[in-house]
Amino acid sequence: MNNLFVYLEIEDGVVADVSQELLTKGRSLAGQLDCKLEAIAAGSVADLEKIEGQVFPYGVDVLHLFKDDRLSPYTTLPHTSILTELFKKEQPQICLMGATIIGRDLGPRVSSLLGSGLTADCTSLEIGDHEDRKAGKTYKNLLYQIRPAFGGNIVAWIINPDCRPQMATVREGVMKKEIFDPYYKGETVEHNVADYVKEEDFVVSIIDRHIEKSKVNIKNSPIIVSGGYGVGSKENFQLLYQLADVLGAEVGASRAAVDAGFTEHERQVGQTGITVRPKVYIACGISGQIQHIAGMQDSSIIISINNDPNAPINSIADYVITGEIEKVIPKMIKYYKKNSK
Ligand SMILES: Cc1cc2nc3c(=O)[nH]c(=O)nc-3n(C[C@H](O)[C@H](O)[C@H](O)COP(=O)(O)OP(=O)(O)OC[C@H]3O[C@@H](n4cnc5c(N)ncnc54)[C@H](O)[C@@H]3O)c2cc1C
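Residues numbered from 1 in each chain as written. Predicted model: local features only at pLDDT ≥ 70, side-chain atom pairs only at ≥ 80, totals over all residues. Heavy atoms only, no water.

Caption draft 1: Summary view of the sheet that holds strand 13 (residues 223-227). Strand order in the open sheet made by the five strands is 14-13-15-16-17, with parallel pairing throughout. In this open sheet, the two edge strands, each paired with only one partner strand, are strand 14 (250-253) and strand 17 (319-322). Taking each pair of neighbouring strands and ignoring which way they run, the sheet shows an average axis angle of 20 degrees. The sheet contact formed by strand 16 (residues 301-306) and strand 17 spans four bridges and is parallel. Each bridged residue has a counterpart across the sheet, and for Ile305 the counterpart in strand 17 is Ile321. (Pairing = 2+ DSSP bridges. Helix = DSSP H or I, 4+ residues; strand = E, 2+ residues; numbered from the N terminus. Axes fitted to C-alpha atoms, helices over the stretch in contact; angles between N-to-C directions.)

Below is the structure:
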């Protein structure tokens, strides 16, 4: 009872990266709370066939299975009923899900039906106490739901002392995924879907799906050459593509560069873009506002190229090159071309 639950997103039998990341975080939080980590998998029989092998190594103690071919692909009503009915029985203290199209649809519905709170797009989750001086009460072991607020000007620590479950969504890539124990084996509980879902919940059926896969893969690239507003133009951005080409890197961007039309949105790094952790992140003409830093601060090595020696990004950079993009980047391309021969 009062355990920590993670809702799993499953596509073609594979647990989504964001769910694996949340299992990793959930395992560590459950350890701190001395409670069980439980996971919910709802989908077709085929989708859930190999689910246990993917989930238990993350240290899942209980896996709740809901098998029905009508549960894949995801539709709102049946998945909402499964979570709300299960939570009424199990009374979890915490529920985590991805801040994805599915999580953003499912989370608010479940929290509204259960009368609990939900914090969207958390960038960090911790366990801690809260002293309510007015009420003269101390709440123990709450979930600190941490996220930027007021346009990123502050980092808010949000708590939900009274209602359960404490619900939070987290975007893909924000947390690290890490196997807990490859041989870990929890318990599987297979539920009768009809006990949770009404026939009318299946009113929507998916007739056809068209999934467009992005050709840009900055999330998994070990080196990212990222351009900001300081790059100056779409034409200058070509310099970054050339540098990326010689380094075997991907090109990223700040939101200001995307808004200015220098490159496409799928390359945006940051709070409202992608979170990356490459081995090397080369920030070209990027000032380093909190919303950008939020998406790249865990890079192993950060190199900043900026004409302002006091640009905020320089304070988190391992190496700083002070100069104009138009002069520095061509020199780097020339150097790496010469040395890669
Ligand atoms: C809710 C919200 C969400 C946001 N989400 C994101 C997000 O996900 N990602 C993101 O990036 N931003 C995000 N932003 C925007 C963010 O606040 C900044 O506006 C943005 O990151 C600034 O981008 P920039 O550093 O490229 O531009 P600027 O801040 O304009 O910085 C340009 C830099 O280039 C340097 N420069 C200028 N010319 C040259 C040159 N010739 N050579 C070298 N250097 C030069 C300047 O010194 C400066 O440091 C968000 C904002 C809000 C309110």
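Caption draft 2: Region of the structure containing the UniProt feature "domain: Electron transfer flavoprotein alpha/beta-subunit N-terminal" (unreviewed entry) in the protein. Residues annotated by UniProt as "domain: Electron transfer flavoprotein alpha/beta-subunit N-terminal" (unreviewed entry) correspond here to residues 4-206. Regarding residues 4-206, the helix share stands at 25% and the strand share at 33%, and the terminal C-alpha atoms are separated by 31 Å. (UniProt positions renumbered as here; feature names shortened; annotations may be inferred.)

Caption draft 3: Main features of the pattern of salt bridges. Evaluation of the coordinates by the stated rule reveals 17 salt bridges. Glu264 is paired through a salt bridge with Arg267; the nearest N and O atoms lie 3.4 Å apart. Assessed through its relative accessible area of 9%, Arg267 is described here as buried. The salt bridge involving Asp298 is made with Arg277; its shortest N-O contact spans 3.6 Å. Here Arg277 lies in the loop between helix 6 (255-259) and strand 15 (280-284) and Asp298 lies in the loop between helix 7 (290-293) and strand 16, a separation of 21 residues in the sequence. For Asp298, a relative accessible area of 46% puts it in the partly exposed group. Its relative accessible area of 27% is what places Arg277 among the partly exposed residues. Here the salt bridges share partners, and the residues they tie into one network are Asp17, Glu172, Lys177 and Lys219. (Salt bridge = Lys/Arg side-chain N within 4 Å of Asp/Glu carboxyl O. Buried < 20%, exposed > 50% of the residue type's maximum accessible area, 1.4 Å probe, protein only.)

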